[in-house]
Amino acid sequence: MLAIRLVSGPERPDALAVPIHPARAAEAEGGTGAATLPAGLPALDDDVLAEAAALAPAARATGRAGEVHVHLRPARTPGRLLLAGVGDGDEAGWRAAGAALARAAASETHLTIVLPGDVAAGAVRGLTEGLLLASYRFRVTEAGDRPALTDVDVVVTDPAGFADVVTAAEVTARMTHLARDLTNTPSSVKNPQWFAEQVEAAVADRPDLHLRVREPDELAAEGFGGILAVGGGSASGPRLVELDWRPAGARTHVVLVGKGITFDTGGISIKPRAAMKLMRKDMAGAAAVVAATLGAAALRLPVRITTLVPLAENAISGSAFRPGDVITHYGGITSETTNSDAEGRLVLADALAYAVAELKPDLLIDLATLTGANAVALGKRTGALYSDNDELAADLLAAIDAAGEAAWRMPLPADYVEHLGSEVADLYSAPSQGAGSVLAALYLREFTGDLRQRWLHIDMSAPSWADGDAGELSRGATGWGVRGLLRWLGTLA
Ligand code: BES
Ligand code: MN
Ligand code: ZN
């Protein structure tokens, strides 16, 4: 990962970035409206700041967040001057600036960024996360286009004062990168056992994190019928990962559940070819909850977290479960599996029922790439959030927003519940009355027992993937959920 260093003075940098913002006051007073430099930037050699101030209008810079102008200064130092728009100067503006700088300076090896003397902690956090997140490339597919940028010096008046902020940003970015790596990994490598081994490797040097991985025989002995049914068609058997962060003094116990389908063919209800193409990403929920838990442990957040990841490959074979089969979940609720492509909810149902019966947490959160309907309703950047608990929903939405992700609260209409009725089982797994993401959420809620008011579900099928580079997202897996969850867990501490 890019090394970010807080320093108190620039050391004759080769490439120097200077923040600019829109000059609203100037516009109001009938001025040019060109971008201006913030007050309180550290003095630089060779009148570089005066040059930057003159350049902004000359380059028609607006100061909009994420806009970068590169100015060449041949035979002088710095040789490149980058004007970076920070917009309103809030965390989101600085995040956009950091991401844009990582891209604009991708061919530099070293970049220095000067910040105003009174810069807020949120600005440093945003800038750092933007830089780190946007310089991510997946190790296999994009090795050729790896950025040259390895070191960034951030000039502030009091480096020690921002050390914690930078650490939080680094942990958040490192864990988002982990979730992206896991999700980008092809399914020829990534079977349930492989995913469990990655978690094992991540906790190897952390005796304070407890891990249990259930294998198929244990799943059978304990009655995890949903996980076994979905995993039954694959040559690679299913697993259930249970990861526990149990710090001393924790007052709240959160269970995080993530959908871990390592490839989703649709099963016997096979997907059409275009819809199947990217189904290696169908474990992005699992990746997000594991990475968030590791991040919480790295930051030593004083909140207990048990993370459950049901892992299975939804394959097609003679041993695959069939549409119309009746399966018995952990705890005894039965489902008529109307469509084998509605597999995520079947494995999540087991994990939710297990959490309610055995772990009895204060709060129960699940993340899942559950339905294509998420993108139909909300487009490609926004998760669909469901909960009967207004306060919990508001808290998660606020944390997700502050972290730079997006989610929208969706309804759980009482009069849709009847669509879950089956004649041969307790529940019909895939009703076809439309509102696919909503009906999936209503189905999951049936497994939350007496924790119904303490449960929250996010369908993150859409924002789990970026079709191209965009801001701090690099093409491919986005690691969606890691940032929002970590923020929210931080507020419980
Ligand atoms: N993994 C898919 C959902 C998905 C679709 C994730 C597109 C990411 C992008 C899920 O298992 C699925 O197939 N859902 C079905 C549900 C239907 C059969 C009720 C869907 O969305 O079509
Ligand atoms: Mn499916
Ligand atoms: Zn799926």
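The structure this text deals with has already been given above.
Residues numbered from 1 in each chain as written. Chains lettered and ligands numbered in written order. Predicted model: local features only at pLDDT ≥ 70, side-chain atom pairs only at ≥ 80, totals over all residues. Heavy atoms only, no water.

**Digging into the packing of aromatic side chains**
Working step 1: With the rule as written, the count across this model stands at 4 aromatic pairs.
Working step 2: Centre to centre, the rings of phenylalanine 224 and tyrosine 354 are 5.6 Å apart; their planes meet at 55°, and the pair counts as tilted. One end of the pair, phenylalanine 224, is in the loop between helix H7 (216–222) and helix H8 (225–231); the other, tyrosine 354, is in helix H11 (residues 344–359), with 130 residues separating them in the sequence. There is no split in this pair, since phenylalanine 224 and tyrosine 354 are both buried.
Working step 3: When the ring of tyrosine 443 is compared with that of phenylalanine 447, the centres are 5.2 Å apart and the planes differ by 55°; the resulting orientation is tilted. Neither residue differs from the other here; tyrosine 443 and phenylalanine 447 are each classed as buried. (Phe/Tyr/Trp six-rings, centres within 6.5 Å; stacked < 30°, edge-to-face > 60°. Helix = DSSP H or I, 4+ residues; strand = E, 2+ residues; numbered from the N terminus. Buried < 20%, exposed > 50% of the residue type's maximum accessible area, 1.4 Å probe, protein only.)

**Structural notes on the site of ligand 1**
Working step 1: Taken together, 17 residues lie around ligand 1, and Lys271, Asp282, Asp341, Glu343 and Gly372 are the ones closest in.
Working step 2: Lysine 259 is positioned with one of its side-chain polar atoms (N or O) 3.1 Å from an oxygen atom of ligand 1.
Working step 3: The backbone of glycine 372 places a nitrogen or oxygen atom 2.8 Å from an oxygen atom of ligand 1.
Working step 4: Expressed as a share of its isolated accessible area of 520 Å², the protein-covered part of ligand 1 is 77%.
Working step 5: Grouping the amino acids of the shell around ligand 1 by side-chain chemistry returns 4 nonpolar, 5 polar and 8 charged. (Near = heavy atom within 4 Å. Polar contact = N/O pair within 3.5 Å; in protein donor to acceptor, adjacent residues only side chain to side chain. Areas by Shrake-Rupley, 256 points an atom, 1.4 Å probe, with all protein chains shown as cover. Nonpolar A, V, L, I, M, F, W, Y, C, P; charged D, E, K, R; others polar.)

**Quick notes on helix H3 (residues 91–104)**
Working step 1: When the terminal C-alpha atoms of H3 are compared, their 20 Å separation across 14 residues agrees well with the 20 Å that a helix rising 1.5 Å per residue should span.
Working step 2: Counted residue by residue, H3 has 10 buried out of 14 residues, so it is predominantly covered.
Working step 3: Along H3, the positions that sit buried rather than exposed are Glu91, Gly93, Trp94, Arg95, Ala97, Gly98, Ala99, Ala100, Leu101 and Ala102. (Expected span 1.5 Å × (residues − 1).)

**Focus on the coordination of the zinc ion (ligand 3)**
Working step 1: On the protein side, the zinc ion (ligand 3) has Lys259 (NZ), Asp264 (OD), Asp282 (OD) and Glu343 (OE) as donor atoms, found 2.0 to 2.4 Å from it.
Working step 2: With 6 donor atoms in place around the zinc ion (ligand 3) and angles of 79 to 171° between them, the coordination shape is octahedral.
Working step 3: Expressed as a motif, the donor residue spacing for the zinc ion (ligand 3) is K-x4-D-x17-D-x60-E.
Working step 4: Separating the zinc ion (ligand 3) from the manganese ion (ligand 2) is a gap of 3.2 Å, bridged by aspartate 264, which donates to each. With aspartate 264 in strand S10 (residues 260–264) and aspartate 282 in the loop between helix H9 (273–276) and helix H10 (284–298), this residue pair connects regions lying 18 residues apart in the sequence. We note that aspartate 264, like aspartate 282, is buried. (Donors = N, O, S within 2.8 Å, 3.2 Å for Na, K, Ca; no water. Tetrahedral: all angles 85-135°; square planar, octahedral: opposite > 155°, others 65-115°.)

**Quick look at the packing of helix H6 (residues 192–203) against H10**
Geometrically, a packed helix pair is captured by the angle between its two axes and the distance between the axes.
Working step 1: It is at 11 Å that the axes of H6 and H10 come closest, and there the two elements cross at 10°. Put simply, H6 runs roughly parallel to H10. On the side of H6, the interface is formed by Phe195, Val199, Ala202 and Val203, while H10 contributes Ala286, Ala287, Val290 and Leu294.
Working step 2: Among the residues forming the contact of H6 with H10, the class breakdown is 8 nonpolar, no polar and no charged. (Axes fitted to C-alpha atoms, helices over the stretch in contact; angles between N-to-C directions. Parallel < 35°, antiparallel > 145°, perpendicular 65-115°, else oblique. Contact = heavy atoms within 4.5 Å.)

**Overview of the coordination of the manganese ion (ligand 2)**
Working step 1: At the metal site, the manganese ion (ligand 2) is ligated by Asp264 (OD), Asp341 (O), Asp341 (OD) and Glu343 (OE), and these contacts range over 2.1 to 2.2 Å.
Working step 2: Every donor counted, the 6 donor atoms about the manganese ion (ligand 2) form angles of 72 to 170° at the centre, which fits irregular coordination.
Working step 3: Assessed through its relative accessible area of 0%, glutamate 343 is described here as buried.

**Some points on the layout of surface pockets**
To find leftover empty space, one rolls a probe the size of a water molecule over the atoms.
Working step 1: What the largest pocket holds in volume is close to 710 Å³.
Working step 2: The set of elements that each furnish at least two residues to the lining of the largest pocket consists of H9, H11 and helix H14 (436–445).
Working step 3: For the lining of the largest pocket, the element with the highest residue contribution is H14, accounting for 3 residues.
Working step 4: Considering only residue class, the lining of the largest pocket consists of 13 nonpolar, 10 polar and 11 charged. (1 Å grid on protein atoms, 1.4 Å probe; cavity = no way out; pocket = protein on both sides within 12 Å on 5 of 7 lines; lining within 4 Å. Points joined across faces, edges and corners; volume = space filled by probe spheres on them.)

**Points about the nonpolar core**
Working step 1: By size, the foremost hydrophobic cluster in this structure holds 52 residues, and its most contacted members are Phe195, Ile365, Leu367, Leu396 and Trp488.
Working step 2: Of the residues forming this core, the biggest block, 11 residues, is contributed by H10.
Working step 3: Leucine 396 has contacts with Ile365, Leu385, Leu456, Leu485 and Trp488, leaving out every residue within four places of it along the chain.
Working step 4: Grouped together as the second largest cluster of nonpolar side chains are 44 residues, Val255, Tyr354, Ala441 and Leu442 included. (Core = buried A, V, L, I, M, F, W, Y, C linked by side-chain atoms within 4.5 Å.)

**Quick word on the environment of alanine 414**
Working step 1: For alanine 414, the location among the structural elements is in the loop between strand S16 (407–409) and strand S17 (427–428).
Working step 2: For the pair alanine 414 and alanine 92, spaced 322 residues apart in sequence, the C-alpha to C-alpha distance is 37 Å.

**Quick look at the environment of valine 289**
Working step 1: Among the structural elements, valine 289 can be located in helix H10.
Working step 2: Of the residues examined, valine 289 reaches a relative accessible area of 0% and is grouped as buried.
Working step 3: It is 9.7 Å that separates the C-alpha atoms of valine 289 and threonine 306, two residues lying 17 residues apart in sequence.
Working step 4: When sequence neighbours within four positions are dropped, the list of residues in contact with valine 289 reads Leu256, Val257, Gly258, Thr307, Val309, Leu367 and Leu485.

**Focus on the packing of H3 against helix H4 (residues 121–134)**
Working step 1: Contact pair H3 / H4: the axes reach a minimum separation of 6 Å and the direction vectors enclose 35°. H4 is crossed by H3, and the crossing has right-handed handedness. When H3 is examined against H4, the residues Glu91, Trp94, Arg95, Gly98, Ala99, Leu101, Ala102 and Arg103 are found in contact with a partner set consisting of Gly122, Ala123, Arg125, Gly126, Leu127, Glu129, Gly130, Leu131 and Ala134.
Working step 2: Partitioned by chemical class, the residues of the contact of H3 with H4 number 8 nonpolar, 4 polar and 5 charged. (Left-handed = near helix turned anticlockwise from the far one by under 90°.)

**Thoughts on the sheet that holds strand S13 (residues 334–336)**
Neighbouring strands of a sheet are bound in pairs by backbone hydrogen bonds; such pairs are parallel or else antiparallel.
Working step 1: Here we have 3 strands laid out as an open sheet, ordered S12-S13-S17, and mixed in their pairing. In this open sheet, the two strands that pair with only one neighbour each are strand S12 (326–328) and S17. (Pairing = 2+ DSSP bridges.)

**Brief notes about the pairing of strand S2 (residues 15–20)**
Regular strands show a simple pattern: their side chains alternate between the two faces of the sheet.
Working step 1: Burial analysis of S2 places 6 of its 6 residues in the buried class, the great majority of the element.
Working step 2: Taking every second residue as pointing to the same face, both faces of S2 are buried, with Ala15, Ala17 and Pro19 on one and Leu16, Val18 and Ile20 on the other.
Working step 3: Bridge analysis of S2 against strand S4 (residues 80–85) gives 6 bridges, and the strand direction is parallel. Bridge pairing links isoleucine 20 to glycine 85 in S4.
Working step 4: One ladder, built from 2 bridges, connects S2 with strand S5 (residues 110–114); its direction is parallel. Looking across to S5, one finds that alanine 17 is bridged to isoleucine 113.

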